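What follows is the residue order along each chain.
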Protein chains: 2
Amino acid sequence: MLMKKNYTIKDIAELAGVSKGTVDRVIHKRGKVSSKALEQVNKVLDQIEYKPNPIAKSLKNNKVYNIAILLPDADNDPYWLPCYDAIKQIENEFSHFGIKIKKGIFNPQSTESFTKSAEIILAEKPDAILMVPLFYKEAKDFAKNCVDANIKMATFNNYIKDQKIDLQIGQDLFQSGRVAAKLFNMLLGTKASLAILHIDEAFQNASHMQEKELGFKTYYLQKELDYDISVYNLKKEAKIPFKKTIDHFLKSITPVDGLFVTTSKAYLLANCMTESFSKPLIIGYDLVAENIDHLAHDKIAFLIHQDPKKQVYLSLTKLIEYFLFGKPLQESLSLPIDIINSENYPQYLK
Amino acid sequence: MLMKKNYTIKDIAELAGVSKGTVDRVIHKRGKVSSKALEQVNKVLDQIEYKPNPIAKSLKNNKVYNIAILLPDADNDPYWLPCYDAIKQIENEFSHFGIKIKKGIFNPQSTESFTKSAEIILAEKPDAILMVPLFYKEAKDFAKNCVDANIKMATFNNYIKDQKIDLQIGQDLFQSGRVAAKLFNMLLGTKASLAILHIDEAFQNASHMQEKELGFKTYYLQKELDYDISVYNLKKEAKIPFKKTIDHFLKSITPVDGLFVTTSKAYLLANCMTESFSKPLIIGYDLVAENIDHLAHDKIAFLIHQDPKKQVYLSLTKLIEYFLFGKPLQESLSLPIDIINSENYPQYLK
DNA sequence: TTGTACGCGTTATCAC
DNA sequence: GTGATAACGCGTACAA
């Protein structure tokens, strides 16, 4: 094994005493090579390690790769805002590599909106589609259509089971429920009463919330702790302000030591905490502005950061590396479950 | 402003009615261009946005960039182990971009070892040096020498002040002390007694530990909490096992509610915790194997993750992007202060 | 079955 | 001053 670093096709051709074309035919198994030449080239290839130069490859191959992203509108829910930053960043970084990104934006409260955007995107036949599978059934069907149309399929934020997806990036939601449970356990000791709150505009996040709930409950069961846990669904009613619904709810329940909010809406709860109420500890999700404000003022104890920006950035990077450099796509990747308190949030915000 | 995306020099030449060479001279300000041609080219450049193609650039420019890394031996302290993974990963990813990495390994307990490695590295005049400035004075002097020799200088893990460094990546240590303080505050309430432990083989980490201590104390002062805080330095004595020193220490102090270990040596403490002792809460630093073991068994409450792997990976990436694509180097960058408990550590370990 | 020549975009050199 | 041309490494079309 020689030690020189990067061999080119030209190098190999010289070493084997044949021409570049022959080497190329051997490497790409195009045939039309005499057994003698084949042997000579293979002999060289065995001794050295040949890796094609990805730079030269992508310079030559000035194909445009179209990647589409199906994601929710950020006006409806600021949780999605960082995703748009990630897209912009990727566009800047990879515009010269022939990467084009097209956004398909849908209303997170409307299944029809999702389906419609999905159809528009699919009609343009991009090379890959990255989507947030908020609506499970629709997303799964759509994923199947894409796979059939030979479009690479990736998801973030949620997972899809029972359907082959090329790349799935997100957080282990069950485990994040356990993380919250552990935090309460440390803060409250061996005995306490807790409430799990699924607060959402609509219930499109149902499976999302349930996985968290399950992880949360499982923790206490496994540790055999004397925790009393009740579960509530709070949904925005047609003409009633959300605040009113929550206020009413808080007055109606028997006081608890801790509240676990499985969505990014913990701030709605914190908003309603008055002096009169017994001030339970709140653990919620996501670094949206209003949550951070309450975290900084100790009205929220902890937030779990799902880092949607990183999810998008990573997903796109993986897809791009697949197209440009032929790196394999891992099927699924779980990102860290970041625990955030009033002292460490700033570094997560850039 | 036209809408076509990436203009090449050839495009510009055609639009301006001159040759590629002339356009090149205008763009690179090499002179030798008639005022008429200059005007024509500038007119085109004003209307479109020209960004040179970094791929073609680096294909042509097949220069090798040598980057040297001065970092501690991982045998002495497993904390550094992940850094070596990061280096390997970078080598794989960028070998085709002409990036060569050379390691200069030193003993973290020996100033001479550092100086010697530094000299060897400097003698080879790499394009950039990334180092861990464990020994402040020596590192600062060395940094000055590098800057004078026109070598790009980067640091990770610790910061250097009063000396211009091109890139500094690390964690805000003062703030990480505050994070630990906040965690104790949440676990222990408004009144408690704590001990800060600086446990180290030697004291090369002095400034490191002191910044954490300062942040920790500052938190309680600012919040005006009734916390009693004592500080201890525990150092490995020549012929006495560290365990014995720590055991003795634990028996000698008045019991406290919490122990804050400012180094990665919290496991040494946890090892000595017996049933008889009152079991104070321990918060320490770093995901080394022994710490994680205690974390998983609830002998350590929290660990703060400094992510040395990410620090190295990011530092090297920034340097490489500077060389290959001319991206500017930010002077300093603070990474997130990750809070780790028994439920979320696995995702941080890959 | 082979070798050669061309083009991708940039840069540097060399005639004109 | 200027424009044509070679070179970086790869893939491929085409000629031998």
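Residues numbered from 1 in each chain as written. Chains lettered and ligands numbered in written order. Predicted model: local features only at pLDDT ≥ 70, side-chain atom pairs only at ≥ 80, totals over all residues. Heavy atoms only, no water.

Draft legend 1. Highlighting the domain arrangement of chain A. The assigned domain composition of chain A is domain 1 (9-52), domain 2 (65-170 + 308-335) and domain 3 (173-305). With centres defined by C-alpha atoms, the gap from domain 1 of chain A to domain 3 of chain A works out at 64 Å. (Domains from an automatic or database assignment.)

Draft legend 2. Molecular detail of the protein's contact with DNA strand D. What surrounds DNA strand D is a group of 23 residues, the closest being A:Ile9, A:Asp24, B:Thr22, B:Arg25 and B:Ser34. Sugar plus phosphate, as a fraction of atoms of DNA strand D within 4 Å of the protein: 62%. At a separation of 2.8 Å, a phosphate oxygen of DNA strand D approaches a polar backbone atom of A:Ile9. A:Tyr50 is positioned with one of its side-chain polar atoms (N or O) 3.1 Å from a phosphate oxygen of DNA strand D. (Near = heavy atom within 4 Å. Polar contact = N/O pair within 3.5 Å; in protein donor to acceptor, adjacent residues only side chain to side chain.)

Draft legend 3. Spotlight on the relation of the copies chain B and chain A. For these two chains of identical sequence, chain B goes onto chain A by a turn of 180° and a shift of 0.1 Å along the axis, with RMSD 0.2 Å. The transformation just described matches what one would write down for a two-fold rotation axis. When the interface residues of chain B are mapped onto chain A, 98% of them again fall at the interface, so both copies present the same face. (Least-squares fit on C-alpha atoms with pLDDT ≥ 70 in both. Contact = heavy atoms within 4.5 Å.)

Draft legend 4. Focus on the interface of chain B and chain A. The interface is formed by 44 residues belonging to chain B together with 43 residues belonging to chain A. Summing both partners gives a buried area of about 3,900 Å² for chain B against chain A, and 57% of it is carried by carbon and sulfur. Put simply, chain B and chain A have four salt bridges between them. Two residues, B:Arg178 and A:Glu343, come together in a salt bridge whose shortest N-O distance is 2.7 Å. Those elements that place two or more of their residues in the side of chain B that touches chain A are helix H4 (54-60), helix H5 (81-94), helix H8 (173-188), helix H9 (206-223), strand E11 (332-335) and strand E12 (338-340) of chain B. By residue number, the principal contributor to the side of chain B that touches chain A is H8(B), which donates seven residues. (Buried area = accessible area lost by both parts, 1.4 Å probe. Salt bridge = Lys/Arg side-chain N within 4 Å of Asp/Glu carboxyl O. Helix = DSSP H or I, 4+ residues; strand = E, 2+ residues; numbered from the N terminus.)

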